[in-house]
Amino acid sequence: MADAYRQLFAAQLRGQLQYRVSFGVDLLLNAAITVIDVLMVLTVFRVTPSLAGFDLRDTLVITGTATLSFQIADVAVGNLEKLPFYLRTGLLDAVLLRPLSAFGQLVVLDFQARRAGRMVQASVVYGLSLGLAGISWTPGRVLLAVTAPIGGAICYGAIFTTGAAAMFWLIDGSEVANMFTYGGRDFASYPMPIYGPLFGRAFGFVLGLAAVGYFPALALLGRTDPLGTPGWLHWCAPLVGVLWAGVAAVAWRFGVRHYQSTGS
Amino acid sequence: MFVALVRAGFRRHSTYRRAALASAATNSMFGFLRTYILLAAVTGAGGTAAGYDPASIAMYAWAGQGLLGVVELFSWTEVADRIRTGEIVSDLQRPVDPLLAYLAVDLGRAGYALLVRLTVPIAIGALFFPLRWPTSGWTFPLLAVSVLLATTASFGTRYLFNLLTFWWLDPRGPNTLWLFGGTLFSGLALPIGFFPGWAQTALWCTPFPWMLQAPLDVLLERGDPLRLIAGGAAATTAVLALGYVVERVALRRLVVQGG
């Protein structure tokens, strides 16, 4: 079974490496895209010394975690965005006929190697932000620094998956899904207290995006939350990924079972 | 002929009512996000940043979210796709120059976007935040001219990027460049005034700020509106002329692909 995925994956990679110049340019440009998030934060801090009490170095830890989390998730499962295309053209039927899981195939079939550049760039940004923040390192903080982007990536991956599962009902809803994926990325890149109570709670606590950048940053920097959440919660942030993965798995199964071909 | 094409563009987009509403909803969500970030920056700076107070920065964010669907800052690969598949040949056989034909359809699209994609985000913004409205009645007609110029400048630039497919054959590279220009250099993510002075000067020499920052400046009554409109007209003329020249060169030099 695993071998079948490996072969599909290798074929994809070979195909994409055929056009070398185009691939190289893409890789570079994709890496540059990651810089946009960081440039934005730097530009905001050109006009203000702090955002709701967080200075540039604090904020960069939040942005760095959120960016790396998002890019890992985007490289891994960002392709699920294309599900409406598979639904419209009836290609999903072919996928479902094969004796492999639909989810696994969709992820592997359209794997975009050129996006991998974004992950490297994001790791560098994350590492630099941790280095500049003046964190007093303990074994616990090292563990958190490693697990936070993984937990965050699972959160974003689950949002991508749940959004894709919703496409089985909302054929034209890809833009609504963007609200939560790309919107979620931007949301988690800034300290939570800047948001209004309703908006902040909906994205931060209901969707759990506070656990992507904000909570781990508080624990790493040794700060208390101006919003009043308990300190132990900040250390448990990566666990939100586990919860999200469960929700996404249920949503995806439900969606695939609901699917009744396009008839084309 | 031109008017008929404008009308066709309007009708074509008005059939996707649900999609337009979904876009307006998405833009509104990003409106909240940008408003909170920009408001936090203005508050952190002590009440004004780069000349924006809370009410004007909120209007900036919400009007920007509304306008981005009108001037169309999203990627547009219609012509690139037709070049790739060879279908561009049939555009060349029509009595209207493709540049003008696509411009007309795009203006029709923008007209429909004014109805849904501009109004919904501004209405939602006005419900939740104090916004700075224009103080002079003259601002509205000037704004209309400025938005028309911005849409045309955006179209011209998008068209140019699409024409690059004649050489590049793969629209992804130009598309990524557009992503940079559309979000970072147009003033969508942050006002151009937040950038360092040298970067501001450099950016105003590109077509990007003329697509969004200029009409927003007219709306917020920042700077001389006549100069903003004259600049917008110059930028629009320049990209359209360049688009026309590139189109001629491409057609003379290159063999159209496919069937």
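Per an unreviewed UniProt entry, chain A goes by ABC transporter permease and derives from Cryptosporangium phraense.

**Q** Explain the overall build of chain A to me, please; I cannot follow it from the model alone.
**A** Broken down by element type, chain A carries 13 helices and 0 strands. Counting from the amino terminus, chain A carries its helices and strands in the arrangement α-α-α-α-α-α-α-α-α-α-α-α-α. For a compact globule of 264 residues, the expected C-alpha radius of gyration is about 18 Å, and chain A comes in at 19 Å, within 12% of that figure. Taken along its principal axes, the extent of the C-alpha atoms in chain A is 55 × 40 × 35 Å.

**Q** Any chance you could explain the interface of chain A and chain B here in plain terms?
**A** Think of interface size as the accessible area that goes away when the parts come together; that is how it is often given. At the junction of the two partners, chain A supplies 33 residues and chain B supplies 31 residues. Roughly 2,900 Å² is buried in total at the junction of chain A and chain B, and carbon and sulfur atoms are behind 74% of that figure. It is V47(A), E175(A) and F199(A) in chain A that bury the most area against chain B; as a group they hold 19% of the surface buried on that side. Joining chain A to chain B, the criterion identifies 0 salt bridges. Our enumeration of links across chain A and chain B arrives at 4 residue pairs in polar contact (both at pLDDT 80 or more). For the side of chain A that touches chain B, the element with the highest residue contribution is helix 2 (residues 20–47) of chain A, accounting for 13 residues. Across the side of chain A that touches chain B, the residue classes tally to 20 nonpolar, 8 polar and 5 charged.

**Q** Honestly, empty space enclosed by the protein in this entry has me stumped. Any pointers?
**A** Gaps left between atoms are located by rolling a probe of water-molecule size over the structure's atoms. Residue and element names in this part refer to chain B. Taken as a whole and assessed by the stated rule, the structure comprises 3 cavities of 30 Å³ or more. When its volume is computed, the largest cavity comes out at roughly 90 Å³. Lining of the largest cavity is provided by 12 residues; of these, W76, F161, N162, P174 and N175 occupy positions nearest its centre. If you list the elements that add at least two residues to the lining of the largest cavity, you get helix 7 (139–163) and helix 9 (172–185).

**Q** Even after reading the chapter, I still don't get the environment of F32(B), so can you show me in this structure?
**A** Tracing the backbone shows F32(B) in helix 2 (residues 17–44). Classification of F32(B) by relative accessible area gives buried; the value is 15%. It is 8.2 Å that separates the C-alpha atoms of F32(B) and W62(B), two residues lying 30 residues apart in sequence. For F32(B), the contacting residues outside a window of four places in its chain are F199(A), W62(B), I124(B), F128(B) and F129(B).

**Q** Is there a simple way to explain the packing of helix 3 (residues 54–72) of chain B against helix 7 of chain B in this structure?
**A** In helix packing, the relevant descriptors are the interaxial angle and the interaxial distance, both defined with respect to the helix axes. All names here are of chain B. Across the interface, helix 3 lies against helix 7 with an axial gap of 8 Å and an inter-helix angle of 55°. In this view, helix 3 runs oblique relative to helix 7, as classed from their interaxial angle. Facing helix 3, whose interface residues are L67, V70, V71 and E72, helix 7 presents V147, A150, T151, S154 and R158. Grouping the amino acids of the contact of helix 3 with helix 7 by side-chain chemistry returns 5 nonpolar, 2 polar and 2 charged.

**Q** How should the pattern of salt bridges be read in this particular structure?
**A** Where charged atoms from two side chains of opposite charge come close, those side chains can pair. All names here are of chain A. In total, this model carries 12 salt bridges over all chains according to the counting rule given. Between R223 and D58 there is a salt bridge, and its shortest N-O distance comes to 2.7 Å. Here the residue R223 occupies a position in the loop between helix 11 (214–221) and helix 12 (231–235), and D58 occupies one in helix 3 (residues 56–77), the gap between them amounting to 165 residues. Residue class for D58 comes out buried when judged on its relative accessible area of 11%.

Reading the values: the criteria
- Residues numbered from 1 in each chain as written.
- Chains lettered and ligands numbered in written order.
- Predicted model: local features only at pLDDT ≥ 70, side-chain atom pairs only at ≥ 80, totals over all residues.
- Heavy atoms only, no water.
- Helix = DSSP H or I, 4+ residues; strand = E, 2+ residues; numbered from the N terminus.
- Rg over C-alpha atoms; globule rule 2.2 N^0.38 Å.
- Contact = heavy atoms within 4.5 Å.
- Buried area = accessible area lost by both parts, 1.4 Å probe.
- Salt bridge = Lys/Arg side-chain N within 4 Å of Asp/Glu carboxyl O.
- Polar contact = N/O pair within 3.5 Å; in protein donor to acceptor, adjacent residues only side chain to side chain.
- Nonpolar A, V, L, I, M, F, W, Y, C, P; charged D, E, K, R; others polar.
- 1 Å grid on protein atoms, 1.4 Å probe; cavity = no way out; pocket = protein on both sides within 12 Å on 5 of 7 lines; lining within 4 Å.
- Points joined across faces, edges and corners; volume = space filled by probe spheres on them.
- Buried < 20%, exposed > 50% of the residue type's maximum accessible area, 1.4 Å probe, protein only.
- Axes fitted to C-alpha atoms, helices over the stretch in contact; angles between N-to-C directions.
- Parallel < 35°, antiparallel > 145°, perpendicular 65-115°, else oblique.

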